[in-house]
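Below are the chains, spelled out letter by letter.
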Amino acid sequence: MKKDIVLSGIRSTGNLHLGNYFGALRNFVRMQDDYDCNFFIADLHALTTNPDPVQLHASVKQILAEYLAAGIDPEKATIFVQSDVPEIPEMYLLLNMHVGIGELMRTTSFKDKARKALGIGPAAEGDDDEAFEKQIIGASTNKRVNAGLLTYPTLMAVDILIQKATLVPVGKDQEQHLELTRRFARRFNSFYGVDLFPEPQNFNFGAAAVKVPGLDGSGKMGKSEGNCIYLVDEPKALRKKVMKAVTDEGPKEPNQPISEPVANLINLLELTGAADLAAQYRAAYADCTVRYGDLKKDLAEAILGITTPIRDRVNDILADEEYLRRVVRQGAERARERAAATLAEVRQVMGLRGF
Ligand code: TYM
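### What about the overall build of the protein chain?
In step 1: Scanning the protein chain from N- to C-terminus turns up 15 helices and five strands.
In step 2: Here the protein chain has a C-alpha radius of gyration of 22 Å; the compact-globule value for 355 residues is 20 Å, and the two agree.
In step 3: Each of the three principal axes of the protein chain carries a C-alpha extent, and together these read 75 × 50 × 40 Å.
In step 4: Here the protein chain holds 355 residues, and the buried ones make up 48% of them.
In step 5: Long-range pairs, those at least 24 residues apart, make up 78% of the contacts in the protein chain between residues at least 6 apart in sequence.
In step 6: Working note: accessible area of the protein chain is about 17,400 Å², and carbon and sulfur atoms make up 51% of it.

What follows is the structure, encoded as structure tokens:
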């Protein structure tokens, strides 16, 4: 039986954090035995916000090593670097002909990143879209919103569609991009009257998509939020970050709803697999006996249980340049095979037939 094609990637913007792990990487490892898995390092996407050549290369290497240290096996899954597959940028150009500037401008990630590029604060309820658009158009050339940022969802759609992937394990924050990918696939198929692209779905073993919160009270864990626990954090530093997590003043009366920052800590504990402990802390909150010091200690140890084996392996892997090179060369070869076949079909369908 043909296996479902899986594709997912992580931007090369530094070390991987718990959001990347629970939202994506953990599923990459769990899926590799049963699916046709393709995992890549999105270095072209990283260029939309981090155009620093030295940093970019170091980040690509680091993420590759962290993929391997977390247990992705290059004999089971195809591991590749996005920029090693030139068919992707070519198809990105072609798909862009079918994508509206308006729909790209309306995506949440674009709005957030554009605001950052312009140096204005985060979006708020009731923001004036017209004023925002005027700011983008009127931006000075050195504080511009780059076009790559706008077309980020097209590139992501191409990553997925060029491999004809049907399952895309990603965190909750990427669901809007997946929705756009499905829309672009449908649009292309119906415009040309073909059945070229399947519509991909998020995948988390039947559970809802994950959003790992920051430990600073609300919102999500993310590099630009500066609230990350990294897989390679040393135990001392990691414990310190967890001990500093925001809580509340403690429950005032029995059975009151758990406040957001405390719920975040307990949910994170549950994500690590410590479901029983998490249930105990929920019960302790309900009867007002909860002790946040204990909760944080248990959480730090549960996290270390996951990150320590990864951290222990990563430096050895990083030191083996020859191995890393072999992995990405083999991965690029495999990824290019299917990408080239899809691109040839796309060119044909669009009338780029040659002579
Ligand atoms: P990126 O690099 O921002 O994040 C990589 C993966 O980690 C997940 N993630 C989280 N999940 C839960 N909670 C969090 N706090 C959290 N932070 C990050 C993301 O959901 C993602 O799964 N556009 C993508 C990269 C990409 C891609 C693709 C993914 C490019 N092309 C094609 C899938 C398929 C991104 O920026 O992810």
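Back to the text.
### Looking at the site of the ligand
In step 1: Inspection of the region around the ligand gives 26 residues, with Arg 11, Tyr 152, Asp 159, Asp 173 and Val 212 positioned closest.
In step 2: Gly 19 places a main-chain nitrogen or oxygen 3.1 Å from a nitrogen atom of the ligand.
In step 3: Asp 173 places a side-chain nitrogen or oxygen 2.5 Å from an oxygen atom of the ligand.
In step 4: Expressed as a share of its isolated accessible area of 710 Å², the protein-covered part of the ligand is 98%.
In step 5: Where the shell around the ligand is concerned, the elements lending two or more residues are strand 1 (5–11), helix 1 (18–31) and helix 9 (152–161).
In step 6: It is strand 1 that provides the largest number of residues to the shell around the ligand, a total of five residues.

### Side note on the packing of helix 13 (residues 275–286) against helix 14 (residues 292–319)
In step 1: Packing of helix 13 against helix 14 leaves a shortest axis separation of 11 Å and a crossing angle of 165 degrees. In terms of orientation, helix 13 and helix 14 fall into the roughly antiparallel class. Viewed along their axes, helix 13 and helix 14 form a crossing whose handedness is left-handed. Where helix 13 abuts helix 14, its residues Leu 277, Tyr 281 and Tyr 285 lie against Tyr 292, Asp 294, Leu 295 and Asp 298.

### Considering the packing of aromatic side chains
In step 1: Tallied over the full model, the rule gives nine aromatic pairs.
In step 2: A centroid spacing of 5.6 Å and a plane angle of 65 degrees characterise the contact between Tyr 35 and Phe 203, whose relative ring orientation is edge-to-face. Placement of the pair is Tyr 35 in the loop between helix 1 and strand 2 (36–42) and Phe 203 in the loop between strand 5 (201–202) and helix 11 (235–243), with a sequence separation of 168 residues. An identical accessibility class is assigned to Tyr 35 and Phe 203; each is buried.
In step 3: Ring geometry for Phe 203 versus Phe 205: centroids 4.9 Å apart, planes at 65 degrees, classification edge-to-face.
In step 4: Overall, Phe 205 belongs to the partly exposed group, its relative accessible area being 41%.
In step 5: Cluster of aromatic residues (ring-pair linked, three or more members): Phe 188, Phe 191, Tyr 192 and Phe 197.
In step 6: Residue placement shows Lys 113 over the ring face of Tyr 152; its charged tip is 4.8 Å from the ring centre.
In step 7: Sitting over the ring of Phe 132, Arg 115 keeps its end group 5.5 Å from the ring centre.

### Side note on the environment of Tyr 292
In step 1: Relative to the elements of secondary structure, Tyr 292 occurs in helix 14.
In step 2: It is 40 Å that separates the C-alpha atoms of Tyr 292 and Val 6, two residues lying 286 residues apart in sequence.

### Some details on the environment of Ala 279
In step 1: Mapping Ala 279 onto the fold places it in helix 13.
In step 2: Distance from Ala 279 to Leu 269, taken between C-alpha atoms, is 9.7 Å for residues 10 residues apart in sequence.

### Some remarks on the nonpolar core
In step 1: Counting 66 residues, the largest nonpolar core has Phe 22, Leu 25, Tyr 67 and Leu 268 as the members making the most contacts within it.
In step 2: Residue contributions to this core peak at 12 residues, all from helix 14.
In step 3: Phe 22 has contacts with Val 210, Val 212, Leu 268, Leu 271, Thr 272 and Ile 306, leaving out every residue within four places of it along the chain.
In step 4: Listed in part, the 41 residues of the second largest apolar core include Leu 7, Phe 80, Ile 162 and Phe 184.

### Description of unusual backbone geometry
In step 1: In this structure, Phe 205 takes a positive phi of about 50 degrees despite not being glycine.
In step 2: Mapped onto the fold, Phe 205 is located in the loop between strand 5 and helix 11.

### Overview of the side chain of Gln 163
In step 1: With respect to the secondary-structure elements, Gln 163 resides in the loop between helix 9 and strand 4 (167–168).
In step 2: In this structure the side chain of Gln 163 is engaged in a polar contact, spanning 3.1 Å, whose partner is the backbone oxygen of Ala 335.
In step 3: Those residues in contact with Gln 163 that sit more than four places away from it in its chain are Ile 5, Leu 7, Phe 80, Ala 335, Arg 338 and Ala 339.

### What about helix 15 (residues 321–350)?
In step 1: With 30 residues, helix 15 ought to run about 44 Å at 1.5 Å a step, and its terminal C-alpha atoms sit 41 Å apart, in line with that.
In step 2: Restricting attention to buried positions, one finds in helix 15 the residues Leu 324, Val 327, Val 328, Gly 331, Ala 332, Ala 335, Ala 339, Thr 342, Leu 343 and Val 346.
In step 3: Summarising the contacts, the buried residues of helix 15 are in contact with helix 3 (53–70), strand 3 (78–81), helix 4 (87–96), helix 9, helix 10 (175–192) and helix 14.
In step 4: Positive phi shows up at Gly 351, right after helix 15, with a value of about 95 degrees.

Conventions we followed
- Residues numbered from 1 in each chain as written.
- Predicted model: local features only at pLDDT ≥ 70, side-chain atom pairs only at ≥ 80, totals over all residues.
- Heavy atoms only, no water.
- Helix = DSSP H or I, 4+ residues; strand = E, 2+ residues; numbered from the N terminus.
- Rg over C-alpha atoms; globule rule 2.2 N^0.38 Å.
- Buried < 20%, exposed > 50% of the residue type's maximum accessible area, 1.4 Å probe, protein only.
- Contact = heavy atoms within 4.5 Å.
- Areas by Shrake-Rupley, 256 points an atom, 1.4 Å probe, with all protein chains shown as cover.
- Near = heavy atom within 4 Å.
- Polar contact = N/O pair within 3.5 Å; in protein donor to acceptor, adjacent residues only side chain to side chain.
- Axes fitted to C-alpha atoms, helices over the stretch in contact; angles between N-to-C directions.
- Parallel < 35°, antiparallel > 145°, perpendicular 65-115°, else oblique.
- Left-handed = near helix turned anticlockwise from the far one by under 90°.
- Phe/Tyr/Trp six-rings, centres within 6.5 Å; stacked < 30°, edge-to-face > 60°.
- Lys NZ or Arg CZ within 6 Å of the ring centre and 35° of its normal.
- Core = buried A, V, L, I, M, F, W, Y, C linked by side-chain atoms within 4.5 Å.
- Expected span 1.5 Å × (residues − 1).

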